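So you can see what is in the structure, the chains are spelled out below.
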Amino acid sequence: MVAPELIKAAQAGDRDALITLLRDIENHVYRTAYYVLGNEQDAMDAAQEALIRIYTKINSYEEKAQFKTWVQRIVTNLCIDKFRRSRPTVSIEQHEMNFTAQQTVEDEVMSSYIAQDIRAAIDKLPEHHRTVVVLRYLQDFSYNEIAESLNLPINTVKSYLFRARQQLQTILRDYKKPSSEAVR
């Protein structure tokens, strides 16, 4: 969570505070862009553009909304615009996973296949469903925070999540965990 004093200092023109603020949020911004857009290069471009927009618009932030939802709205809107402009073919890149020391190499390989399969299923969702899934399950946003970030009614957010879960169930219905023989 970003300290309110840091935000106020950045808005008052304190360049060091603004740089600190941007550094504090850059990983969050990139992670959201990556999950929404699905590939590293587009995510890096969108994150950079979002940070620049935050830099230039910091004075327009009002405390009506939480800072993280204001940032999230900027990132998400940029990603949706980018997605609509380019309609990219989303590659299935493996998200970095933290493996514990106890896991075997086989467990790591199995986990990476499962993560790829889940990512591929999420990538098949329409952009508005994918966005709410990313915000809810990967960024741990509440329904209210998602509604505020996307400027949607809360019931629409709930509906999108419900439909997205149904679509994921359909996509993954016949999913079978890869066997260790298939991995070898």
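As a reminder, the structure under discussion sits directly above these lines.
## Some thoughts on the overall build of the protein
And step 1. In terms of helices and strands, the protein carries nine helices and zero strands.
And step 2. When the elements of the protein are put in sequence order from the N terminus, they spell out α-α-α-α-α-α-α-α-α.
And step 3. Every one of the 184 residues in the protein was classed for burial, and the buried ones make up 40%.
And step 4. Taking the contacts inside the protein whose residues are at least 6 apart along the sequence as the reference set, 68% of them involve residues at least 24 apart.

## Considerations on the packing of helix 2 (residues 15–37) against helix 3 (residues 40–57)
And step 1. It is the contact of helix 2 with helix 3, at a shortest axis distance of 8 Å, that shows an interaxial angle of 145°. Once helix 2 is placed against helix 3, the crossing between them reads as right-handed. Where helix 2 approaches helix 3, its residues Leu18, Leu22, Ile25, Glu26, Val29, Tyr30, Ala33, Tyr34 and Leu37 are matched on the opposing element by Glu40, Asp42, Ala43, Met44, Ala46, Ala47, Ala50, Leu51, Ile54 and Tyr55.

## Structural notes on the pattern of salt bridges
And step 1. Inspection of every chain in the model, using the stated rule, returns three salt bridges.
And step 2. For Glu49, the salt bridge identified is with Arg53, shortest N-O distance 4.0 Å. Separated by four residues within a single helix, Glu49 and Arg53 lie in helix 3, roughly one turn from each other.
And step 3. Note on Glu49: relative accessible area 35%, which makes it partly exposed.

## Describing the packing of aromatic side chains
And step 1. A complete count under the given rule lists five aromatic pairs for this structure.
And step 2. Ring geometry for Tyr61 and Phe67: centres 5.2 Å apart, planes at 90°, overall edge-to-face. Accessibility classification places Tyr61 together with Phe67 in one group, the buried group.
And step 3. Pairwise contacts between aromatic rings join Tyr30, Tyr34 and Tyr35 into one cluster.
And step 4. For Lys68, the ring lying beneath its charged end belongs to Phe141, and the centroid distance is 4.9 Å.
And step 5. One Lys or Arg, Arg136, reaches over the ring of Tyr143 and ends 4.8 Å from the middle of that ring.

## A short note on helix 1 (residues 4–11)
And step 1. Buried within helix 1 we find Leu6, Ile7 and Ala10. Seen along its axis, helix 1 keeps its buried residues to an arc of 100°; they face one direction.
And step 2. Residue Gly13 follows helix 1 closely and has a positive phi angle near 105°.

The rules behind the values
Numbering of residues starts from 1 in every chain and runs along the sequence as written. Since the coordinates come from a predicted model, pLDDT governs what is reported: local features require at least 70, and pairs of side-chain atoms require 80 or more to be given and counted, while whole-chain, interface and lining totals use all residues. Here the side-chain values reflect all heavy atoms present in the structure, with hydrogen atoms and water set aside. Here a helix means four or more residues in a row that DSSP labels H or I, a strand means two or more in a row labelled E, and each is numbered from the N terminus. Three labels apply to residues, based on accessible area from a 1.4 Å probe with only protein chains included: buried if under 20% of the type maximum, exposed if over 50%, partly exposed otherwise in between. In this description, contact between two residues means that some pair of their heavy atoms is separated by no more than 4.5 Å. To obtain each axis, a line is fitted to C-alpha atoms, and for helices this fit is confined to the stretch in contact; angles are then taken between N-to-C directions over 0 to 180 degrees. Note: crossing handedness is left-handed where the near helix turns anticlockwise from the far helix by less than a right angle, and right-handed where it turns clockwise. Counted as salt bridges are all cases of a side-chain nitrogen of Lys or Arg within 4 Å of a carboxyl oxygen of Asp or Glu. Any Phe, Tyr or Trp ring, taking Trp's six-membered ring, that has another such ring centre within 6.5 Å forms a pair; planes under 30 degrees apart are called stacked, those over 60 apart edge-to-face, and the others tilted. A ring is considered to have a charge above it if a Lys NZ or an Arg CZ atom is located within 6 Å of its centre and within 35 degrees of its normal. To be clear, the arc concerns the directions from the helix axis to the C-beta atoms.

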